[in-house]
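Residues per chain, in single letters:
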Amino acid sequence: MSILLDKNTRVLVQGATGGEARRLIPTMVDYGTKVVAGVSLGHGGEEIFGIPVYGSVADSLRNHEIDLSVLFVPARFSRDAALEAIDGGIPVINVVAEGVPHHDACEIIARANKADVMIVGPNSQGMLSPGQAKVGGTGGEVPDLMFQPGPVGIVSRSGGMGAEISLALTRAGIGQSTYIAIGGDLIIGATFVEILALFEADGETKCAVMFGEPGTAREEQAAEFIASGGFSKPVVAMIPGEFLENRDAPAPTSHTGALIERGIGAPSEKKRLLRAAGALIAEKFSDIVPLVREALENSASD
Amino acid sequence: MSRLLENDSLDLLAHYRVPVPAYGTAETPDEAASIVEKLGGRAVLKALVPAGKRGLAGAVRFVSSSGEAEDEARRILGMTVRYFPVKRLIIMETLEIRREFFFSITFDPTRKCPVVLFSPTGGVDIEEITAERPEHLFELPVNIIRGLEVYQCTDFIETSGVESGLALKCARAAQSAYQAFRAADSRMIEINPLAELVNGEVIAGSGAVILDEQALFRQPELKKKLGKEQGNGWRPLTELENCIRKIDSIDPHVCAIRFNELDGDIAFLVSGGGYGLSSFEQIIREGGRPATTFDITPGPFEEKMFRIVKAVCKMPGLRGMVLSANVSNFARVDRRVAGIVRALKELDIDYKHLPVIVRYDGPGADDARKMMAEVPGPEMYGAESTLEDICKRIVERSYDNGVKQQ
């Protein structure tokens, strides 16, 4: 089992004839992802790596059933591509571009909510269910080195850190159910709460690891969700950036969501709330593996 | 950074029919005096810097004669406000204010939409309202597809306790400000105070606009207004920061660089939003003092990395340098390392006094290791190590004067 993506998920690639897609489609297919079609404006009727390319999402849907679309289009075109996929009713849309205007992100999400479509991203490195399928850049060229099937669900505001955490777990012999990079932007679709809810329902997932960041109230909401019983499995959370509190120098991150504003988003407060909700807090990276072991033991004894 | 100066902010608001005061800008006390005269002999002088809280810094003054204006202008032009030396003043007509409100439009990352913030208690900072009188802060989430109508603002502002006629005037200004927020791809607009004058008019007593950097590609006119005066949003650019920005402008669309200089002594060239943040924190935890913040987007890295490393190694008092990126991506490690190695060879570094620690892995990593091995000093690690390992290592080496070798 896994969430959002498995070996049977029928994947559409938008921006299928661009450079990003040319680089990433082969790695996705090699990993087992069922890429059924591509869309590229003005390229209808072509093929890429043997996959049919359509000139519009609507046309791809006339020929295929699609469960998930991944957008390999530049930031400035992400709004149009996402709205097209939403109009087509594709249930899950992964927006990977970095630098999508925040007004566009709000518009994408507002329309998606109305259509009951889940948006993962923008600025999401992708998602991966070990041994089954992956979309986006997650795992680089050697996903088997970083991921192996197992009981840990991973959800991260940082694509790179989620993968580093997976790598550390894999090296320690602990596998993952699914890894979701929700994105580092100020405005993103799915947040911790939505992903934790999916992990809760997934039988394979025995515990979750969250990588949070300063800014926004996403970890605070997750703490509330956990405390209210929405997620009943053990959680390990790492949230760097406490040193940014009461510091006015520029933050060492490009993530537009990682800004403490109006007193909201201090990592110390996020950690306090998560701890109070029963989560295990990794103050530093090397705490994660031992805490996950502890969490898995706790879940086994339940 | 993308904070417009107050004159540009007021122009933007006025363009969308938010009433704003008459104003002028001045670079000299003489100019200031003549503007004050034109405004009728009474005016407010403010430092024109891309920073808030100017009043607290003593950089806002009421004057009631052109002579007084000249003196105050001279004083403020000599000041530095939150790291920004004051080079210009904005001089605004004085307003006969009856009542002040707080008004802002920003994004609500929880509701994932724009939100209008209004407080019947104006003239104080939002932080103060949030901390001391949170019940005085009212929030109106906006459905970005439907937009914001005057009637919605009217109901919202009346609900906050403002009487009907006045609420309607505030609502008109609010709806106009929302038009400006949308059209300019703003990250935040703040009007504090939104003022009711004794003659009954409602006017923006001041204006602050922060633009969404990720949308500047489609805001060419506004982008032009973001110049040298903004610095890095925190303080004016240093010589090194200017130099790195020039390097970035070789080809601004590939491998975009973010770089800031800090007080520390370990050059920190670690990229990745979360990875950089985690590494930076770990270095501090180990007792290290990062001298820079850094990020670079993936692409053909070589030339930019070459120039960055050369520029950064010239920082005085540097005790170490750490270069890294998370190991899970498609960015070519060999291209990145080729640039770094070329720079290190030219620089002829004494690695005992400037240890260099590198952690990269991914496509081209084997070639990268071979290239790095051509230079005798740096230590290169890959996916077998963690970010924590290299942060420990750079701190250990940097503050050991290189005497202790591995």
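Fair warning: this is a prediction, and the values are worked out from it, not measured in the lab.

Quick notes on the rules
Residues numbered from 1 in each chain as written. Chains lettered and ligands numbered in written order. Predicted model: local features only at pLDDT ≥ 70, side-chain atom pairs only at ≥ 80, totals over all residues. Helix = DSSP H or I, 4+ residues; strand = E, 2+ residues; numbered from the N terminus. Contact = placed C-beta atoms within 7 Å. Rg over C-alpha atoms; globule rule 2.2 N^0.38 Å. Buried ≥ 20, exposed ≤ 12 C-beta atoms within 10 Å, placed from the backbone. Nonpolar A, V, L, I, M, F, W, Y, C, P; charged D, E, K, R; others polar. Arc of directions from axis to C-beta. Pairing = 2+ DSSP bridges. Axes fitted to C-alpha atoms, helices over the stretch in contact; angles between N-to-C directions. Domains from an automatic or database assignment. Right-handed = clockwise from strand over helix to strand, strands pointing away. pLDDT = per-residue confidence, 0-100.

Participant: Go over the overall build of chain B with me, naming the residues and quoting the values.
Facilitator: When helices and strands are tallied, chain B shows 13 helices and 18 strands. Taking the principal axes of the C-alpha coordinates as reference, chain B spans close to 75 × 50 × 40 Å. Relative to all contacts within chain B whose residues are 6 or more apart in sequence, the contacts with residues 24 or more apart total 71%.

Participant: Describe the overall build of chain A, listing the residues and the values that go with them.
Facilitator: Along the backbone of chain A there are 10 helices and 14 strands. The globule rule puts the C-alpha radius of gyration for 302 residues at 19 Å, and the 19 Å found for chain A is close to it. Principal axes of the C-alpha set define a box for chain A whose edges measure 55 × 40 × 30 Å. Here chain A, with 302 residues, has 59% of them falling under the buried criterion. A separation of at least 24 residues holds for 73% of the contacts in chain A among residues at least 6 apart in sequence.

Participant: Just give me the short version of the interface of chain A and chain B, but keep the residues and values in it.
Facilitator: How big an interface is tends to be reported as the loss of accessible area on association of its parts. Each side of the interface is counted separately: chain A has 55 residues, and chain B has 52 residues. Taken together, the elements giving at least two residues each to the side of chain A that touches chain B come down to α3 (75-87), α4 (102-115), α5 (143-146) and α6 (159-171) of chain A. Take the side of chain A that touches chain B: its biggest share by element is seven residues, from α4(A). Of the residues assigned to the side of chain A that touches chain B, the class counts are 23 nonpolar, 20 polar and 12 charged.

Participant: Can you lay out helix α9 (residues 267-276) of chain A for me, pointing to particular residues and giving the numbers?
Facilitator: All names here are of chain A. Within the sequence span of α9, burial applies to P267, K270, K271 and L274. On an axial view of α9, the arc spanned by its buried residues comes to 95°, and they lie on one face. Those residues of α9 that are exposed and aimed more than 90 degrees away from the buried face are S268 and A276. For α9, the elements touching its buried residues are α8 (218-227), β13 (235-238) and β14 (280-281).

Participant: Quick one: what's the story with the sheet that holds strand β17 (residues 356-359) of chain B, residue by residue and with numbers?
Facilitator: Residue and element names in this part refer to chain B. Ordered in space as β14-β16-β17-β18, the four strands form an open sheet in which the pairing is parallel. In this open sheet, the two edge strands, each paired with only one partner strand, are β14 (266-270) and β18 (379-381). Pairwise comparison of adjacent strand axes, ignoring direction, gives a mean angle of 10° for this sheet. The sheet contact formed by β14 and strand β16 (residues 320-324) spans five bridges and is parallel. From the neighbouring strand, V270 faces β16, where its bridge partner is S324. Its contacts with the sheet put helix α13 (residues 387-398) on β14, β16, β17 and β18, and the angle it makes with β16 is roughly 165°.

Participant: Residues and numbers for the domain arrangement of chain B, please.
Facilitator: Taken as a whole, chain B is organised into domain 1 (22-93), domain 2 (97-225) and domain 3 (237-398). Here domain 2 of chain B and domain 3 of chain B have C-alpha centroids that lie 42 Å from each other.

Participant: Residues and numbers for the pairing of β17(B), please.
Facilitator: Residues and elements named next belong to chain B. The two faces of β17 match: V356 and V358 on one face and I357 and R359 on the other face are all buried. Bridge analysis of β16 against β17 gives four bridges, and the strand direction is parallel. Within β17, the residue paired with M321 across the bridge is V356. As a crossover connection, the stretch from β16 through helix α11 (residues 333-347) into β17 is right-handed. Pairing of β17 with β18, which is carried by three bridges, proceeds in the parallel orientation. The partner of V358 across the bridge, within β18, is M380. Crossover connection from β17 via helix α12 (residues 365-373) to parallel β18: handedness right-handed.

Participant: With reference to specific residues and values, describe the confidence of the model for chain B.
Facilitator: Residue and element names in this part refer to chain B. A residue-level look at chain B finds 98% of positions with pLDDT of 70 or above and a mean pLDDT of 94. Below a pLDDT of 50 lies the segment residues 402-406, which in the model reaches five contacts outside its immediate sequence neighbourhood of four places, other chains included. Scored as a whole, the predicted complex attains pTM 0.96, and scored at its interfaces, ipTM 0.96.

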